[in-house]
Amino acid sequence: MSRWIATAYKLPDRCKAHIFLGFSAPRRESAAMKTSLDHLPERKQQELGEIRRILFEEFEDTIRGRNAPHRKAGRILKIVLFGSYARGDWVVDPVGGYFSDYDVLVVVNHEELADPLEYWTKAEDHLLRAHTISKKLSAPANIITHSLTDVNKQLKKGRPFFKDILRDGIALYEAPDHPFEKPTTLPEDEARAEAQYHFEKCFPSAEDFQTLAGYAMGGGMNNKAAFLYHQAAEQLYNCFQLVATLYAPKSHKLNLLRSRCEQLDSRLTAAWPRDTKFARRCFELLRVAYVDARYSDHFKINVDELNWISERIDHLKQLVNEICHERFES
């Protein structure tokens, strides 16, 4: 049984009553949510405690001094671990260079407070430093943020992504008396039609970005080509997520999108090899291209790197196309 308690993480007093980190407590509002982390090694449980501490600390700091009533009264209502670490099928592969990320849903009490750029950039930066610099986290931590109203709306619509979180997720924190709604089932024909709509919108968009990137390369506009390849990859990942779960997070962060998609279907890991320094460098260049290729004087990418990225985008496109049609037919 885990030994971690709320006071170990210096959380605000108002947040300590319903901390769940490896033990059960009386529950009324959301009995379907699991609370035990006993399937995880002790080190992983400690790291999840650190993630939770960072989220509370940075959110409290971000809303401090804000005058609007809903901002001053802003609260984190739930922190939920989902994905491979919640299910127990996380991957640690040092040889192949693949490591599962921590996936965390943060639920707040007002829609505006879920804005990732306005309220969660500091938390994301802190989590990144905890993984890459201080090494307090052995794996990256990806967060998605939603209001409780929005999550309950998606559950009532029967959205698969949120139903899966409710089924498999583990509550790291829950405020009392703020339950998730009981989910409904989305009719299969409606789900199929919505998935088809997303595919027909996103897949051609990805192809357009890829074509434009080729033109930019041909004209010697390497930085523009890198940005456009980033957009092609982003569209392909969004296409797959929307077909698979009818949900895609509002994010341009390619590492987050890649991680989520590869956890949904491990075949997608083949699109981006991680076994060489060159391969890792190329993906890193593509990852930062969304901002740096447009605004940084220090961003440089050469033709060899762009050619490799172009080949990997081709492979990713083929995989997404095959897997999406496989899902349509099943």
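Look up: the structure comes first, before these words.
Now for a quick tour of the structure.

**Concerning the pairing of strand 1 (residues 76-82)**
Walk down a regular strand and you will see the side chains alternate between the two sheet faces.
Here is step 1 of the chain: With respect to burial, strand 1 is a largely interior element, 7 of its 7 residues being buried.
Here is step 2 of the chain: The pairing of strand 1 with strand 4 (residues 102-108) spans 6 bridges and is antiparallel. Residue pairing in the sheet places Val80 in a bridge with Leu105 of strand 4.
Here is step 3 of the chain: Inspection of the sheet shows strand 1 paired to strand 6 (residues 170-174) by 4 bridges, in the antiparallel sense. In the strand pairing of strand 6, Val80 is matched with Ala171.

**Focus on the nonpolar core**
Here is step 1 of the chain: Counting 53 residues, the largest nonpolar core has Trp272, Ile309, Leu316 and Val320 as its most contacted members.
Here is step 2 of the chain: For this core, the elements supplying multiple residues, two or more each, are helix 8 (188-218), helix 9 (222-245), helix 10 (254-264), helix 11 (277-295) and helix 12 (303-329).
Here is step 3 of the chain: For this core, the leading source of residues is helix 9, giving 14 residues.
Here is step 4 of the chain: One finds Phe59, Ile63, Tyr85 and Val151 within the second-largest nonpolar core, a separate group that totals 50 residues.

**Regarding the pattern of salt bridges**
Here is step 1 of the chain: Summed over all chains, the structure comprises 18 salt bridges.
Here is step 2 of the chain: Residue Arg267 pairs with Glu326 through a salt bridge whose shortest N-O separation is 2.9 Å. Of this pair, Arg267 sits in the loop between helix 10 and helix 11 while Glu326 sits in helix 12, and the two are 59 residues apart along the sequence.
Here is step 3 of the chain: A residue is classified by how much of its surface remains accessible, and Arg267, at 39% relative accessible area, is partly exposed.
Here is step 4 of the chain: Look at Glu326 and you get partly exposed, because its relative accessible area is 40%.
Here is step 5 of the chain: For Glu284, the salt bridge identified is with Arg287, shortest N-O distance 2.7 Å. Residue Glu284 and its partner Arg287 are located together in helix 11, separated by 3 residues, close to a single helical turn.
Here is step 6 of the chain: Taking relative accessible area as the criterion, Glu284 reaches 36% and is therefore assigned partly exposed.
Here is step 7 of the chain: In this structure Arg287 comes out as partly exposed when scored by relative accessible area, which is 29%.
Here is step 8 of the chain: Residues joined in a network through salt bridges with shared partners are Glu58, Asp61, Arg64 and Lys122.

Cut-offs used in this document
Residues numbered from 1 in each chain as written. Predicted model: local features only at pLDDT ≥ 70, side-chain atom pairs only at ≥ 80, totals over all residues. Heavy atoms only, no water. Buried < 20%, exposed > 50% of the residue type's maximum accessible area, 1.4 Å probe, protein only. Helix = DSSP H or I, 4+ residues; strand = E, 2+ residues; numbered from the N terminus. Pairing = 2+ DSSP bridges. Core = buried A, V, L, I, M, F, W, Y, C linked by side-chain atoms within 4.5 Å. Salt bridge = Lys/Arg side-chain N within 4 Å of Asp/Glu carboxyl O.

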